[in-house]
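Observations on the three-dimensional arrangement
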Amino acid sequence: MTKELRELLQVVAEGNNDLWNETIEVSQKLLKGGYYGHDADIENLEEREIKTGFELERVLSQGKWYWQKEEVQNIDYCPGCNIAYCRGRYTTGQCE
Ligand SMILES: [Zn+2]
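None of these values were measured; they are calculated from a predicted model. (Residues numbered from 1 in each chain as written. Predicted model: local features only at pLDDT ≥ 70, side-chain atom pairs only at ≥ 80, totals over all residues.)

A look at the overall build of the protein chain
- If you tally the helices and strands in the protein chain, you get five helices and zero strands.
- Secondary structure elements in the protein chain, listed N-terminal to C-terminal, are α-α-α-α-α.
- A compact globule built from 96 residues would reach a C-alpha radius of gyration of about 12 Å, and the protein chain, at 13 Å, matches this within 12%.
- Oriented by its inertia axes, the alpha-carbon framework of the protein chain measures out at about 35 × 25 × 25 Å.
- Of all intrachain contacts in the protein chain linking residues separated by at least 6 positions in sequence, the fraction that spans at least 24 positions is 54%. (Helix = DSSP H or I, 4+ residues; strand = E, 2+ residues; numbered from the N terminus. Rg over C-alpha atoms; globule rule 2.2 N^0.38 Å. Contact = placed C-beta atoms within 7 Å.)

Points about the confidence of the model for the protein chain
- With 92% of its residues at a pLDDT of 70 or more, the protein chain shows a mean pLDDT of 87.
- Summarising per-element confidence for the protein chain, the mean pLDDT is lowest in helix 5 (residues 87–91) (79) and highest in helix 1 (residues 3–13) (96). (pLDDT = per-residue confidence, 0-100.)

Digging into the packing of helix 1 against helix 2 (residues 21–32)
- At a closest axis distance of 8 Å, the pairing of helix 1 and helix 2 adopts a crossing angle of 135°. The orientation of helix 1 relative to helix 2 falls into the category oblique. As for how helix 1 packs across helix 2, the hand of that crossing is left-handed. In this structure, helix 1 contributes Leu9, Gln10, Val12 and Ala13 to the contact, and helix 2 contributes Thr23, Ile24, Ser27, Gln28, Leu30 and Leu31.
- A class-by-class count of the residues in the contact of helix 1 with helix 2 yields six nonpolar, four polar and no charged. (Axes fitted to C-alpha atoms, helices over the stretch in contact; angles between N-to-C directions. Parallel < 35°, antiparallel > 145°, perpendicular 65-115°, else oblique. Left-handed = near helix turned anticlockwise from the far one by under 90°. Nonpolar A, V, L, I, M, F, W, Y, C, P; charged D, E, K, R; others polar.)

Topic: the environment of glutamine 28
- Note on placement: glutamine 28 falls in helix 2.
- By C-beta crowding, glutamine 28 is classed as partly exposed, having 15 other C-beta atoms within 10 Å.
- In sequence terms glutamine 28 and glycine 80 are 52 residues apart; their C-alpha atoms lie 20 Å from each other. (Buried ≥ 20, exposed ≤ 12 C-beta atoms within 10 Å, placed from the backbone.)

Rendered as structure tokens:
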């Protein structure tokens, strides 16, 4: 994930903004990763060069995303080390 995208997602994920709750929740999900298709979702977002939370919200509310399929289940097993909630992936997006 690019630094710019990560920073934007972090700001949005903290809440405290005028965005929809869903946008905030999805940003948290995108930061956390660990679901099928996460890489593809991130690539998709990176290609769009999103600058603001409102742009992010617009993009997330359109199109098809893998996170849409992951609303319920989801223990976050890291594909790298197979540990639930791998700390490296949570903090930097990369398995340690
Ligand atoms: Zn890991």
